[in-house]
Amino acid sequence: DAGITQSPRHKVTETGTPVTLRCHQTENHRYMYWYRQDPGHGLRLIHYSYGVKDTDKGEVSDGYSVSRSKTEDFLLTLESATSSQTSVYFCAISEPGEGAEAFFGQGTRLTVV
Amino acid sequence: QKEVEQNSGPLSVPEGAIASLNCTYSDRGSQSFFWYRQYSGKSPELIMFIYSNGDKEDGRFTAQLNKASQYVSLLIRDSQPSDSATYLCAGSNFGNEKLTFGTGTRLTIIP
């Protein structure tokens, strides 16, 4: 298994509170991604990073921010959690190139009440 | 319109038959395509990728790409109950490794 660890694995938080999810990799892969997965929507890209301090928005970035100060860590922050952000969040990593496989972490189930 | 479209299913196939999963994409800049399998409550895992027109075979799995029609498919031969899962199609542009996923197709293999 690729060395990707997400933390926490489960979290329940209240509306309006800030939340940070962490993705840690030991593969030294250049690209890191945050996706959310919801029924009927599949995996939707929130933000991604193509290097330290290099990040870009995905299709559902509103209400989320990210930071990558080290190759191995990619943090996703919900500035003020809302119930619509209840979801399963997946981190993924990949290397550049044709056919470059993305490896996924175990996922974080976040519930905003 | 999503960039990658899949029938959400569910798709039911008898054990031993061929399961056919389909995907279309709208971005002609997409060059590489991936099929992931996801069991319930688990993370996606790669089955195959393809970036050349035509067929690519790996064991019981065959991926097909038709760039003119912007169509990608996955065939599973001799379907087994363990193939029951959600199958996700994804595309990316070479040089920009942002993977865009379809909504997934739920496949059930009936013993």
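The sections below set out a description of the structure shown in this document. Quick caveat, the model's predicted, so the values are computed rather than measured.

## Some thoughts on the state of the cysteines
- Scanning the entire structure with this criterion turns up 2 disulfides over all chains.
- There is a disulfide in this structure between A:Cys23 and A:Cys91, and the S-S distance comes to 1.9 Å. Taking the torsion about the S-S bond as the criterion, the A:Cys23 to A:Cys91 disulfide, at about -70°, is left-handed. Residue A:Cys23 is located in strand 3 (residues 19-25), and its partner A:Cys91 is located in strand 9 (residues 87-94); the two are separated by 68 residues in the primary sequence.
- Owing to a relative accessible area of 0%, A:Cys23 belongs among the buried residues under this scheme.
- What makes A:Cys91 buried here is its relative accessible area of 0%.
- Covalent S-S linkage joins B:Cys23 and B:Cys89, the inter-sulfur distance amounting to 2.1 Å. Its S-S torsion of approximately -75° makes the covalent link between B:Cys23 and B:Cys89 left-handed. Within this pair, whereas B:Cys23 is found in strand 3 (residues 19-25), its partner B:Cys89 is found in strand 9 (residues 85-93), the two being separated by 66 residues in sequence.
- Overall, the relative accessible area of 1% leaves B:Cys23 in the buried class.

## Side note on the nonpolar core
- Within the largest apolar cluster, 22 residues are counted, with the highest numbers of intra-cluster contacts made by B:Trp35, B:Val72, B:Leu74, B:Ile76, B:Tyr87 and B:Leu107.
- Those elements that provide at least two residues to this core are strand 3, strand 4 (32-38), strand 5 (45-50), strand 7 (61-66), strand 8 (71-76), strand 9 and strand 11 (105-110) of chain B.
- Per element, the largest residue contribution to this core is 4 residues, and it comes from strand 3 of chain B.
- One finds A:Trp34, A:Val66, A:Ile93 and A:Val112 within the second-largest nonpolar core, a separate group that totals 19 residues.

## Observations regarding the sheet that holds strand 6 (residues 54-58) of chain B
Residues and elements named next belong to chain B.
- In spatial order, the strands read 1-3-8-7-6; together these 5 strands make up an open sheet with antiparallel pairing. Each of the sheet's edge strands pairs with one partner strand only, and the pair in question is strand 1 (4-6) and strand 6. Averaged over all pairs of adjacent strands, the angle between their axes in this sheet comes to 20°, without regard to strand direction.
- As paired elements, strand 1 and strand 3 share 3 bridges and run antiparallel to each other. Residue pairing across strands places Gln6 opposite Cys23, the latter belonging to strand 3.

Conventions and cut-offs
Per chain, residue numbering runs from 1 following the sequence as it is written. In the order they appear in the text, chains get letters beginning with A and ligands get numbers beginning with 1. Predicted model: local features are reported for residues with pLDDT of at least 70 only, side-chain atom pairs are reported and counted for 80 or more only, and whole-chain, interface and lining totals are derived from all residues. Only heavy atoms go into the side-chain values, all of them from the structure, while hydrogens and water stay out. Here, a disulfide means two cysteine sulfur atoms that sit within 2.5 Å of each other. We count a stretch as a helix when DSSP gives it H or I for four or more residues in a row; a strand needs E for two or more, and each element gets its number in order from the N terminus. In this scheme, a residue with accessible area under 20% of its type's maximum is buried, one over 50% is exposed, and one in between is partly exposed, where area comes from a 1.4 Å probe on protein chains only. Residues enter a nonpolar core if they are buried and are Ala, Val, Leu, Ile, Met, Phe, Trp, Tyr or Cys, with the set joined through side-chain atoms within 4.5 Å. Pairing between two strands is assigned when DSSP locates at least 2 bridges connecting them. What counts as an axis is a line fitted to C-alpha atoms, over the stretch in contact for a helix, and the angles between N-to-C directions run from 0 to 180 degrees.

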